[in-house]
Amino acid sequence: MSNVSYHVSNLLEKMTSTDKDFRFMATNDLMLELQKDSIKLDEDSERKVVTMLLKLLEDKNGEVQNLAVKCLAPLVGKVKEPQVETMVDTLCSNMLSDKEQLRDISSMGLKTVIAELPLSSTGLTTTVCKKITSQLIGAMGKQEDVSVQLEALDILSDMLGRLSGALVSFHSSLLSSLLPQLTSPRMAVRKRSILALGHLVPCCSPALFSQLTEHLLTELNKAPPTSVTRTYIQCLATISRQGGHRVGEHLEKLIPMVVKFTGVEDDELREYCFQAFEAFIRRCPKEMSPHIATVTKLCLQFMTFDPNYNYDDDEQDEEDSMDIEDGLDEESDDEYSDDDDMSWKVRRSSIKCLEALISSRRDLLLSFYSSICPALLARFKEREENVRADVFAAFSTLLRQTRVGSSPRGLVGASSDPGSSKAEEEEPAVAVLKKQVPLIVKTLHRQLKEKSIKSRQGCFGLLTKLSHTVPGALEQHIPALIPGIVFSLTDKSTSSTMRIDALSFFHVLLLSHPPQAFQPHMQVLLPPVVACVEDTFYKITSEALLVTQQLVRVMRPHGQNTAAGFDAKPFVREVFSVTLKRLQATDIDQEVKERAISCMGHMVCHLGDHLAAELQGVLVIFLERLKNEITRLTAVRTITLIAASPIKVNLSSILPEALSVLGSFLRKNQRTLKLGSLACLTALVTHHAASIKPAALEPVLSELPALVDEGDMHVSQVSITLLTCMARACPSSLAKISSSVLPGVFRLVHSPLLQGGALAAILDFIQALVLSKTSNMGYSQLLRSLTEPFHSSPSSADGGIIHRQSFHSVARCVAALTSACPKETPGTVSGLIQEVKNPGSPESARVLALLSLGEVGRSGSLGGSKEVQGVILQAFTSISEEVKTAASCALGSMAVGSLNDYLPFLLKEISTQPRRQYLLLHSLKEVISACPTSSLSPHVESIWALLIQNCECQEEGTRNLVAECLGKLTLVDPAQLLPRLKQQLKAGSALARSTVVTAIKFTIVDQPAPIDSLLKDCIGDFLKMLQDKDLNVRRVALVMFNSAAHNKPSLIRGLLGTVLPHLYKETQIKKDLIREVEMGPFKHTVDDGLDVRKAAFECMYTLLDSCLEGLDVLQFLDHVEEGLKDHYDIRMLTFLMLARLASLCPAAVLQRLDRLVEPLKATCTTKVKAGSVKQEFEKQEELRRSAMRAVAALLAVPDVERSPSMADFANQIRTNADMASIYQSVQGGEGGSGAESMDMS
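All values derive from a computational prediction rather than experimental measurement.

A. Here's a closer look at the overall build of the chain. Looking only at helices and strands, the chain features 62 helices and 2 strands. Its C-alpha atoms give the chain principal-axis dimensions of roughly 110 × 95 × 75 Å. Here the chain, with 1241 residues, has 54% of them falling under the buried criterion. Taking as baseline every contact in the chain between residues at least 6 positions apart, the subset at least 24 positions apart corresponds to 74%.

Pasting the structure below:
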């Protein structure tokens, strides 16, 4: 301690030296000392340091003064409160001094101190803020010295921006001292006062906000001089931007006022008016709804406001011929407009206002296409470059909004998918846009030849967005666009960014349009692109290589023979030589290397037969790149491409070495490399088996056992696909497989995780293996290996209980084996039947035998064997549930294989055997799900009648099965059966109604289906069940609604207006459904309405994802707010919703923030009573984590901590160790979950 004090006092002594260099060095050393965390000063040293630094602020040397100011920052956190106060007092009194230099340095000092004060509303911050504020309010009143006023306003803005929570008590006095400044004769004072008011608005009380707005309104009503009006309107725009939703309640009075002022002949005032409109639209979209028509009309009127310039239409047509003179004219216009003409500001602000409108009201998109779109297109001719950029930006926003709705399919092949359900919904806007495409191209293609780089970049950006929004729409217009692209690539004065933009647009164009559209223009297109490949700037080269790669595809698309009219030969040489140059170079950028490999790969793949002698040299380079760690992944992908090429490129020169290198990659940790190498090997083995010697595959085979493992199913699947290709293409290589890879494959078959693609790969492999007859694993050995684990008793050495999934996997494998060797089938089937009949065999073996019979029967190879039916019926009487379930599965599968033999038997059993009904219905469900429509049609009537008989069954499980069967059966013949389901609603009891509504849930599938259009017309009738008097019917109606919203939102979008009120009604707690149950000495509360409420909140959560634009978010938030205080399950759901809303509609969440923070705070601070059970603690912990996730998402919203309640809560989290640790762990898990769509705020 004393050591530090000694050192510091030493420095202080030097600071009094007469030599300025001594003072400078000592102050610098002190600053370094203060920046150390370890430093601790005693009281005396603190006082001395503070006094000395304040004295140095008046030093004659400017550099010493600056250093002294810098020392204040670390000092604030190191000294005690009284010293900070001394600092502030002195700085404030210096602010009012007559010496200008001292004033400036002191105001810098104050800003430094404010920036260092702790954010929490602790004693220190509050005291300091009070001190500074009262002094500053005094300083602002000093009319005679403007610079003092400006500094004071500046410091005040800083303080309000950072610490407004600590200044609550001063808010009203600040307001009353800031308002008079708005009439100050000095422009700078007015501007800074507006800034300060903007910082005050977010955290002041509603009453103060109203007072401020009322003041502005009253003043504006007095019709003040134009300069003052400007200030007031500017202030209005600022407080609207900062205060957001609060302006909403005053809009009725404000809008007419602002509209009135747009009529005043003053360009700047009009600009501010439109800025105010823009702020209103962005911050209060809902409250602005009634005024949108007025504002749009004004914007459209003023976006063409250019009184000093005549846009002559015929001049436009001559433009192309008079290129040079026109350019000169334009420059002289610009010179004039910059100085005197302010009308461009009006045009720009009205266009920005339109952009705000487009981006905040997606629901009005179609009307925008009729009103705003033509006006924007007409303004593409705007003469001011900056304004034209805004026109482009607004049009891009329109395109982006159109694209948000239409499904985000890829560029390639997007047009080949007309049946996609989402495409149908969004058609109207996209259809209107398609009609506009010729006009867009007509207006843009002229601009692509302009000198102005900014304009051209805007055009390319817009065209790129257009290609993404409506892929393929520019096909007819490609000849018009090509000159523009070529001009930007070849023009000497073009900057590199311009070239990159032109290339990246060209790339998008090539991807989204068919090759035939470009082939006629190859002569013009290729030279400039080739020149770009040779450019010295690596970014241009890299972008040009991407384009070249697509052009190669255009020259000869796969599946097109050369006779089809386009001959690529003349162009091959020049493309090849530049690409080869880039491919050979080793001292170039990584991205260029990779793209050169890829581009050359495409050349070999599409045009390999034109390369003749050079081909082998290229392949050798590929082999080198394959051995290089940096380029190996790209090389692997390129070799895969070449191997599968229809040109059949001869790879024999590099095959042996490539195989061993690829084999070594299978050992690497990098997963993408492993998967790439496996795909490459598969392509090589499939297409080039003739050139591969079995010995060459050994290094690969030795790596495969480690890859076939349930730890990574996808890698296993790809590895097994490779083995299948080997078994088919070069079977001799698999001779030693039984000891190496096969045990792993069987382990995988018995794994509970096996399903989907990996299972399909194994089935293929087993069939290929048994047909290849190479390894010593024939039919019977394979069968034994598959079924062995099921015959041993469960307590065997493996010790594992066999998982249900592995029974199904093995049964599928057995069926695959029998279908590959039909001669063996009868023997296998009789063996399986014996297994089921044999009472001595273990249960697992009987279950497997039943499932295997089912799978074998699925292919129809059992016929209508009476013996099998007997075996199944006998199994239904078994005491083991597992055996019964397996029997019902087997019966369903067999019936799929031979419908006429088994279905009548199945239906008869269902009606005569009520005790087995559940199992038999499972079999029926399998039949309805798996049979093709054509074979089911004759039986529909008999199945339907049986199901309708059973739809009032008392047992809920059976009822749900009946509903699923009904739903899936309706998909077979929707036109006939859907109306019948509708009839059932009127006919039956509550149980029947709930079954029918659940059946509808099963007709909604996530792929497009013929039933969709019919469902859309009548789903409203089924949703009326939300008003049913029976609680359970309402619940299943909600579940069905949720399924529709999730899988096919188009069905319900139009009905939201009628459905939402009933949905919201179900989220409320109903007292009459809560009852008390006595359990011995305890009373227990049961809430019968909980399940319905939960279903309702689940629907709300789904609607957020699929139908956001149909929701009134503020009304939605009211119910979320109620849910935050509800039962555990519902709170968990509403926390998720809140986090989602924070990222989707931050503005609305900020409006309700104060009401949302309280329940979150309550959850995070609740403690479980001591002595509660462990589950209670876990539940509460989970709740707190979930609430904290919602808080983290809220804190990611910009400006959220301007709300005093949120700032306080954030502070509480930071200071409370327990909450801080939860917050940290939540942040670590999903860093800034709200950040994904922050740009929408």
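B. Molecular detail of the confidence of the model for the chain. Residue-level pLDDT values for the chain average 81, and 91% of them are 70 or greater. The weakest mean pLDDT in the chain belongs to helix α18 (residues 323-340) at 43; the strongest belongs to helix α19 (residues 343-360) at 91. Segment residues 314-338 is flagged for pLDDT under 50; beyond a separation of four residues in sequence, or across chains, it makes 19 contacts in the model. Taken together, the stretch residues 1230-1241 has pLDDT below 50 and engages in 23 contacts with residues farther than four places along the chain or on a different chain.

C. Structural view of empty space enclosed by the protein. What the rule picks out here adds up to 4 cavities of 30 Å³ or more. Looking at the largest cavity, its volume works out to about 50 Å³. Around the largest cavity, the lining residues are E956, R959, N960, S994, T995, T998, N1032, R1035 and V1036. Among the residues forming the lining of the largest cavity, the class breakdown is 1 nonpolar, 5 polar and 3 charged.

D. How the structure looks around the pattern of salt bridges. The final tally for this structure, using the stated rule, is 45 salt bridges. Ionic pairing is found between D154 and R192, a salt bridge with its closest N-O pair at 3.3 Å. Here R192 lies in helix α10 (residues 187-200) and D154 lies in helix α8 (residues 146-163), a separation of 38 residues in the sequence. Assessed through its relative accessible area of 27%, R192 is described here as partly exposed. One salt bridge connects R1035 with E956, and the closest N-O pair in it is separated by 3.6 Å. In this pair, R1035 sits in helix α53 (residues 1031-1047) while E956 sits in helix α49 (residues 956-970), placing the two residues 79 residues apart along the sequence. What you see here is one network of salt bridges that share partners, running through D306, R347, R379, E382 and R383.

E. Region of interest: the packing of aromatic side chains. All told, the structure shown has 8 aromatic pairs when counted by the stated rule. Their ring planes at 75 degrees and their centres at 5.6 Å tell us that F537 and Y538 sit as a pair that is edge-to-face. Looking at Y538, the relative accessible area reads 36%, which means it is partly exposed. Ring pairing ties together the aromatic residues F274, F277, F302 and F305, which thus form one cluster. If you follow R270 out to its NZ or CZ, it ends over the ring of F305, 5.0 Å from the centre. Taking NZ or CZ as reference, K1179 lies 5.0 Å from the ring centre of Y1128, over its face.

F. Molecular detail of the pairing of strand β1 (residues 1074-1079). As judged from the 6 bridges shared by β1 and strand β2 (residues 1082-1087), these two strands associate in the antiparallel manner. Following the sheet pairing, E1078 is matched in β2 by K1083. Hairpin connection, β1 to β2: the antiparallel pair is bridged by 2 residues, and G1080 has positive phi, about 60 degrees.

G. Highlighting the side chain of S349. With respect to the element layout, S349 can be found in helix α19. Using a relative accessible area of 5% as the deciding quantity, one classes S349 as buried. Setting aside residues no more than four positions away along its own chain, S349 makes contact with R270, E271 and F274.

H. Highlighting the environment of P1198. Along the chain, P1198 falls in the loop between α60 (1174-1195) and α61 (1204-1215). Of the residues examined, P1198 reaches a relative accessible area of 35% and is grouped as partly exposed.

I. Quick peek at the packing of helix α56 (residues 1113-1123) against helix α57 (residues 1128-1144). In contact at an axis separation of 9 Å, α56 and α57 are set at 145 degrees when each is read in the N-to-C sense. Read as a crossing pair, α56 and α57 show a hand that is left-handed. On the side of α56, the interface is formed by V1113, F1116, L1117, V1120 and G1123, while α57 contributes I1130, R1131, T1134, M1137, L1138 and L1141. For the contact of α56 with α57, the class distribution of residues is 8 nonpolar, 2 polar and 1 charged.

J. Main features of unusual backbone geometry. A positive phi angle is found at K648, which is not glycine, with a value near 55 degrees. By the secondary structure assignment, K648 is in the loop between α31 (632-643) and α32 (655-665).

K. Just the nonpolar core, in detail. Within the largest apolar cluster, 417 residues are counted, with the highest numbers of intra-cluster contacts made by F280 and I1052. Top element by residues in this core is α57. It accounts for 11 residues. Apart from residues no more than four positions distant in its own chain, I1052 is found in contact with I1019, L1023, F1041, A1044, A1045, L1103 and C1107.

L. Seen up close, the packing of helix α30 (residues 614-627) against α32. Where α30 contacts α32, the axes come no closer than 10 Å and their chain directions differ by 20 degrees. Taken together, the axes of α30 and α32 are roughly parallel relative to one another. For α30 against α32, the interelement crossing comes out left-handed. Residues L623, L626 and K627 of α30 form the contact with α32, whose own contacting residues are E657, A658, V661, L662 and F665. Across the contact of α30 with α32, the residue classes tally to 6 nonpolar, no polar and 2 charged.

M. Highlighting the layout of surface pockets. Of the voids in this model, the second largest pocket is the one considered here, and its volume is about 800 Å³. Taken together, 36 residues make up the lining of the second largest pocket; nearest its centre are P202, G243, H245, R246 and L1150. If you list the elements that add at least two residues to the lining of the second largest pocket, you get α11 (206-221), α12 (226-243), α58 (1146-1151) and α59 (1153-1165). Per-element accounting of the lining of the second largest pocket gives the leading share, 4 residues, to α58. When grouped by side-chain class, the residues that make up the lining of the second largest pocket number 14 nonpolar, 12 polar and 10 charged.

N. Representation of the environment of V847. By secondary structure assignment, the location of V847 is in helix α42 (residues 843-858). Classification of V847 by relative accessible area gives buried; the value is 5%. With near-sequence residues (within four places) excluded, V847 lies in contact with F807, E882, V883 and A886.

O. Helix α5 (residues 81-95), seen in detail. Between its first and last C-alpha atoms α5 spans 21 Å; for 15 residues at 1.5 Å apiece the expected length is 21 Å, and the two agree. Of all the positions in α5, only Q83, V84, E85, M87, V88, L91, C92, N94 and M95 are classed as buried.

P. Main features of the side chain of T631. As for its position among the elements, T631 is in the loop between α30 and α31. Engagement of the side chain of T631 in a polar contact is seen with the backbone oxygen of R625, the distance being 2.9 Å. Beyond its immediate stretch of four places on either side in the chain, T631 contacts K593, I597 and R625.

The rules we used
Residues numbered from 1 in each chain as written. Predicted model: local features only at pLDDT ≥ 70, side-chain atom pairs only at ≥ 80, totals over all residues. Heavy atoms only, no water. Helix = DSSP H or I, 4+ residues; strand = E, 2+ residues; numbered from the N terminus. Buried < 20%, exposed > 50% of the residue type's maximum accessible area, 1.4 Å probe, protein only. Contact = heavy atoms within 4.5 Å. pLDDT = per-residue confidence, 0-100. 1 Å grid on protein atoms, 1.4 Å probe; cavity = no way out; pocket = protein on both sides within 12 Å on 5 of 7 lines; lining within 4 Å. Points joined across faces, edges and corners; volume = space filled by probe spheres on them. Nonpolar A, V, L, I, M, F, W, Y, C, P; charged D, E, K, R; others polar. Salt bridge = Lys/Arg side-chain N within 4 Å of Asp/Glu carboxyl O. Phe/Tyr/Trp six-rings, centres within 6.5 Å; stacked < 30°, edge-to-face > 60°. Lys NZ or Arg CZ within 6 Å of the ring centre and 35° of its normal. Pairing = 2+ DSSP bridges. Axes fitted to C-alpha atoms, helices over the stretch in contact; angles between N-to-C directions. Left-handed = near helix turned anticlockwise from the far one by under 90°. Core = buried A, V, L, I, M, F, W, Y, C linked by side-chain atoms within 4.5 Å. Parallel < 35°, antiparallel > 145°, perpendicular 65-115°, else oblique. Expected span 1.5 Å × (residues − 1). Polar contact = N/O pair within 3.5 Å; in protein donor to acceptor, adjacent residues only side chain to side chain.

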